[in-house]
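# Summary of the model geometry
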Amino acid sequence: MTWLVAGLGNPGPSYERTRHNAGAMVVQRLADRAGERFRKVRFVPVETAEVRDSSGERVVLAKSLRFMNESGPSYASMAKKAKVGPDRVIAVHDEIDLPFGSLHLKQGGSTAGHNGLRSLQGALRSADFYRVRVGVGRPPGRQDPADYVLKNFSERERPEAEVLLEEAADAVMALITEGLAVAQDHFNRRRT
């Protein structure tokens, strides 16, 4: 069986280190750990890297070459190509409704206004995929949330962000190898 891990984010170097690219940073870490590089897929606007979990199960890591709000069809096409149903898709994404440093795993649910999730849900025609929600916190004061997530982690946040992204990568693999309930028990936490 194959898993597809969709690292939600925006393409290009100007977005690479932004809060909104937390998902893309997580799948990049998983590829780096395995010594794999992302490569473009023919006829699908996505880059993928393939890794194996501890039991040898195939895991396709994916980053869309489309902007997040339009990325769903890229991931849905890759899921179809890899013969992966929604119940074997894991979306890794930033979450402003979780305090910075929090991590939360779940299956299904609403998009909570996240346009990347909305696009993915529409393209998969299902909300029944897994989500690894990476807490980036709410913007300070009256700052527009869209502007906030398109900024890099602050100098002060960077050390904790690095730990958070590594833990999110661990959570993805635990979800695949141990199942949702075990991974939730180990990784779901809310910082205040």
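A brief report on the enclosed structure follows.

Cut-offs and rules
Residues numbered from 1 in each chain as written. Predicted model: local features only at pLDDT ≥ 70, side-chain atom pairs only at ≥ 80, totals over all residues. Heavy atoms only, no water. Helix = DSSP H or I, 4+ residues; strand = E, 2+ residues; numbered from the N terminus. Expected span 1.5 Å × (residues − 1). Buried < 20%, exposed > 50% of the residue type's maximum accessible area, 1.4 Å probe, protein only. 1 Å grid on protein atoms, 1.4 Å probe; cavity = no way out; pocket = protein on both sides within 12 Å on 5 of 7 lines; lining within 4 Å. Points joined across faces, edges and corners; volume = space filled by probe spheres on them. Nonpolar A, V, L, I, M, F, W, Y, C, P; charged D, E, K, R; others polar. Salt bridge = Lys/Arg side-chain N within 4 Å of Asp/Glu carboxyl O. Core = buried A, V, L, I, M, F, W, Y, C linked by side-chain atoms within 4.5 Å. Pairing = 2+ DSSP bridges. Axes fitted to C-alpha atoms, helices over the stretch in contact; angles between N-to-C directions. Contact = heavy atoms within 4.5 Å.

### A few points about helix 5 (residues 158–178)
Because an α-helix completes one turn every 3.6 residues, residues spaced three or four positions apart along the sequence face the same direction. Compared with the 30 Å implied by 1.5 Å per residue over 21 residues, the 29 Å span of helix 5 between its first and last C-alpha is a close match. Looking only at helix 5, the buried set comprises Ala161, Leu164, Leu165, Ala168, Ala169, Ala171, Val172, Met173, Ala174, Leu175 and Ile176. Following helix 5 by one or two positions, Gly179 adopts a phi angle in the positive range, close to 95°.

### Thoughts on the layout of surface pockets
Here the largest pocket defines a volume of roughly 400 Å³. Around the largest pocket, the lining comprises 20 residues; the ones closest to its centre are His20, Gly113, Asn115, Ala146 and Val149. The dominant element in the lining of the largest pocket, judged by the number of residues it contributes, is helix 4 (residues 145–149), at three residues. A volume near 340 Å³ is recorded for the second largest pocket. Lining the second largest pocket we find 18 residues, and of these Glu16, Asn21, Ala24, Gln28 and Lys63 sit closest to its centre. Secondary structure elements with two or more residues in the lining of the second largest pocket: helix 1 (22–33) and strand 4 (58–64). Here the lining of the second largest pocket takes four residues from helix 1, the largest share from any one element. Among the residues making up the lining of the second largest pocket, the classes are represented as six nonpolar, seven polar and five charged.

### Points about the pattern of salt bridges
Any two side chains of opposite charge can pair, given that their charged atoms come close. Considering all chains together, one arrives at 11 salt bridges under this definition. Salt-bridge contacts for Arg19 lead to Glu157; the nearest nitrogen and oxygen are separated by 2.8 Å. Highlighted residues: Arg19 in the loop between strand 1 (2–7) and helix 1 and Glu157 in the loop between helix 4 and helix 5, separated in sequence by 138 residues. Here the two residues Arg19 and Glu157 agree in accessibility, since each one is buried. Look at the salt bridges and you will find they share partners, linking Arg17, Arg29, Arg33, Glu162, Glu166 and Asp170 into a network.

### Regarding the environment of Ala34
With respect to the element layout, Ala34 can be found in the loop between helix 1 and strand 2 (39–41). Along the primary structure Ala34 and Leu164 are separated by 130 residues, whereas in three dimensions their C-alpha atoms are 19 Å apart.

### Description of the nonpolar core
Residues Val5, Leu61, Ile90, Val132 and Val172 are the most contacted members of the largest nonpolar core, which totals 39 residues. Top element by residues in this core is helix 5. It accounts for 11 residues. Counting 21 residues, the second-largest nonpolar core is a separate cluster that includes Ala6, Ala79, Val84 and Phe129.

### Some thoughts on the sheet that holds strand 7 (residues 130–135)
As summarised here, the arrangement of the seven strands in space is 2-3-4-1-5-7-6, forming an open sheet in which the pairing is mixed. Taken across any chain shown, the strands that pair with only one partner, and hence form the sheet edges, are strand 2 and strand 6 (103–107). On average, adjacent strands in this sheet sit at an angle of 30° to one another, irrespective of strand direction. Pairing of strand 6 with strand 7, which is carried by five bridges, proceeds in the antiparallel orientation. Looking at strand 7, one finds that Lys106 is bridged to Arg131. Sitting on the sheet, helix 2 (residues 72–81) is in contact with strand 1, strand 2, strand 3 (44–52), strand 4 and strand 5 (89–95), with an inclination near 50° to strand 3. Against the sheet, helix 6 (residues 180–187) contacts strand 6 and strand 7, and its axis sits at roughly 165° relative to strand 6.

### Quick look at helix 1
In this model helix 1 runs 17 Å from its N-terminal to its C-terminal C-alpha over 12 residues, within 8% of the 16 Å that 1.5 Å per residue would give. When you tally the buried positions in helix 1, you get nine out of 12 residues, the bulk of the element. Buried within helix 1 are the following residues: Ala22, Gly23, Ala24, Met25, Val26, Val27, Arg29, Leu30 and Ala31. Where helix 1 is buried, its residues meet strand 1, strand 3, strand 4, strand 5, strand 7 and helix 5.

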